[in-house]
Amino acid sequence: MTRILGAQRANRLMHQILESLDIQLHGPDELLRFAAELSKLAGFEGAVGAMLSVQAVMNGASADAEPDPPDD
């Protein structure tokens, strides 16, 4: 992320997304959740998210790792 987005932008995005998901990137399933959120952004940010999604799956992440939506 840092090489593509720059250190400041990458750190800001990473902190925002990790806080919003309440995760700490421990393992491929959390990386997949992080990448899915990043992929929602436009431009290079979304492209980086897509690349991280591939990396997470290659490391064993499961699409089933996404939490169920909250009941309303």
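Before any of the text, the structure's been laid out above.
Residues numbered from 1 in each chain as written. Predicted model: local features only at pLDDT ≥ 70, side-chain atom pairs only at ≥ 80, totals over all residues. Heavy atoms only, no water.

Draft legend 1. Up close: the pattern of salt bridges. With the rule as written, the count across this model stands at two salt bridges. As a salt-bridge pair, Glu-37 and Lys-40 come within 2.7 Å of each other at their nearest N and O atoms. Residue Lys-40 is classed as exposed on the basis of its relative accessible area, which comes to 62%. (Salt bridge = Lys/Arg side-chain N within 4 Å of Asp/Glu carboxyl O. Buried < 20%, exposed > 50% of the residue type's maximum accessible area, 1.4 Å probe, protein only.)

Draft legend 2. The nonpolar core, seen in detail. Counting residues in each nonpolar core, the largest one holds 14 residues, and the members touching the most others are Leu-5, Ile-17, Ile-23, Phe-34, Leu-38 and Ala-56. Contributions of two or more residues to this core are made by helix H2 (7–21), helix H3 (28–39) and helix H4 (43–58). The greatest single-element share of this core, amounting to five residues, is contributed by H2. Contacts of Ala-56, omitting those with residues within four sequence positions, involve Pro-28, Leu-31, Leu-32 and Ala-61. (Core = buried A, V, L, I, M, F, W, Y, C linked by side-chain atoms within 4.5 Å. Helix = DSSP H or I, 4+ residues; strand = E, 2+ residues; numbered from the N terminus. Contact = heavy atoms within 4.5 Å.)

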